[in-house]
Amino acid sequence: MIKVLKISITALAFLGVFGLTSHSTFEKKATNFDSSKLKKKKVVFVAGSDSHGSGEHKFIEGCHLQAKLLNENTTDVYAVVTENGWPRDFSIFDGADVIVMYSDGSEDHMVIPHLEEVDELVKKGVGMVAMHFALEVPKGKAGDYFTKWFGGYFQTYYSVNPVFVPKFMKFPQHPIT
């Protein structure tokens, strides 16, 4: 039950954060909103190739799980998944509202050979999401595009992966502390 709840919460958080639904469930009930008249939002998950040791990173499975949850639990979102890197057939992005990249990054990032094509989609209003290290690209052309699309990027040997132990001298007075 806890795993299912965590997955459901993740799917709901994804929808809320990325604005893929136009009204909350409560607003739909309160206003008799008919979502069937809305065009479905198309989400294209681009799963990176396996990396690290076996079972350590499950980009393909993670994308399929998120797409499945979106498709089964929303009426105004349609999610599709591409596997093992950038799709050979660029037409998968026809009608896309958002592209979600879930992968590792670095100088061999799967999007680097396609920066100009993706930029054209972004100029048309397609949203971009980078999960895990899909935000890591080298400084220069790729970094410039990512700064334009995301507001920044993770640069190896410059950006800091936030792994640290905080030292609190005093906690603020707040109900959750």
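The structure presented is a predicted model; accordingly, all values stated were derived computationally and were not measured.

**Q** Looking at this structure, how should I read the environment of valine 77?
**A** One can find valine 77 in strand S2 (residues 77-82). On the accessibility criterion, valine 77 (2% relative accessible area) is buried. For the pair valine 77 and aspartate 97, spaced 20 residues apart in sequence, the C-alpha to C-alpha distance is 9.7 Å.

**Q** I keep staring at unusual backbone geometry and nothing clicks. Help me out?
**A** Most peptide bonds take the trans configuration, and most residues that are not glycine carry a negative phi. Phi angles above zero are rare outside glycine, and serine 106 is one such case at about 95°. In this fold, serine 106 is placed in the loop between strand S3 (98-103) and helix H4 (115-123). On the accessibility criterion, serine 106 (17% relative accessible area) is buried. The backbone of histidine 132 sits at a positive phi, close to 65°, despite the residue not being glycine. For histidine 132, the position within the fold is in strand S4 (residues 127-132).

**Q** How should the pattern of salt bridges be read in this particular structure?
**A** Scanning the entire structure with this criterion turns up seven salt bridges. In this structure, lysine 39 engages aspartate 97 in a salt bridge whose closest nitrogen and oxygen atoms are separated by 3.5 Å. Of this pair, lysine 39 sits in the loop between helix H2 (25-31) and strand S1 (41-47) while aspartate 97 sits in the loop between S2 and S3, and the two are 58 residues apart along the sequence. Between lysine 148 and aspartate 119 there is a salt bridge, with the nearest N and O atoms lying 3.0 Å from each other. Pair noted here: lysine 148 is in helix H5 (residues 141-150) and aspartate 119 is in helix H4, with a separation of 29 residues, a long-range link. For aspartate 119, a relative accessible area of 4% gives the class buried.

**Q** I'm lost on H5 in this one. Help?
**A** For an α-helix the count is 3.6 residues per turn, leaving residues at separations of three or four pointing the same way. Listed in full, the buried residues belonging to H5 are Ala142, Gly143, Tyr145, Phe146 and Trp149. All buried residues of H5 lie within an arc of 160° about the axis, which places them on one face of the element. Opposite the packed face of H5, turned more than 90 degrees from it, sit the exposed residues Lys141, Asp144 and Lys148. Summarising the contacts, the buried residues of H5 are in contact with S3, H4 and S4.

**Q** Quick question: what am I supposed to make of the confidence of the model for the protein chain here?
**A** Predicted coordinates in regions of low pLDDT should not be interpreted in detail. Residues of the protein chain with pLDDT of at least 70 account for 73%, and the chain-wide mean is 79. The least confident element of the protein chain, judged by mean pLDDT, is H2 at 36; the most confident is H4 at 97. Within the model, pLDDT remains below 50 along residues 1-33, and this stretch shows 30 contacts once partners closer than five positions in the same chain are excluded.

**Q** Looking at this structure, I do not really get the packing of aromatic side chains. What am I missing?
**A** The relation between two aromatic rings is expressed through the spacing of the ring centres and the mutual angle of the planes. Tallying each qualifying case throughout the model produces eight aromatic pairs. Relative to phenylalanine 150, the ring of phenylalanine 146 lies with its centre 5.1 Å away and its plane at 55°, an arrangement referred to as tilted. Taken together, the residues span about one helical turn, with phenylalanine 146 and phenylalanine 150 both in helix H5 at a distance of four residues. By relative accessible area, phenylalanine 146 is classed as buried at 0%. Residue classification places phenylalanine 150 among the partly exposed positions, given a relative accessible area of 25%.

**Q** Please clarify how the packing of H4 against H5 should be interpreted in this entry.
**A** Relative placement of two packed helices is described by the angle separating their axes and the distance separating the axes. At a minimum axis separation of 11 Å, H4 and H5 run at an interaxial angle of 15°. As the angle between them shows, H4 and H5 are arranged roughly parallel. For the element pair H4 and H5, the recorded crossing hand is left-handed. Taking contact as the criterion, the partners of Leu115, Glu116, Val118, Asp119, Val122 and Lys123 in H4 are, on H5, Lys141, Ala142, Tyr145, Phe146, Lys148 and Trp149.

Calculation rules
Residues numbered from 1 in each chain as written. Predicted model: local features only at pLDDT ≥ 70, side-chain atom pairs only at ≥ 80, totals over all residues. Heavy atoms only, no water. Helix = DSSP H or I, 4+ residues; strand = E, 2+ residues; numbered from the N terminus. Buried < 20%, exposed > 50% of the residue type's maximum accessible area, 1.4 Å probe, protein only. Salt bridge = Lys/Arg side-chain N within 4 Å of Asp/Glu carboxyl O. Arc of directions from axis to C-beta. Contact = heavy atoms within 4.5 Å. pLDDT = per-residue confidence, 0-100. Phe/Tyr/Trp six-rings, centres within 6.5 Å; stacked < 30°, edge-to-face > 60°. Axes fitted to C-alpha atoms, helices over the stretch in contact; angles between N-to-C directions. Parallel < 35°, antiparallel > 145°, perpendicular 65-115°, else oblique. Left-handed = near helix turned anticlockwise from the far one by under 90°.

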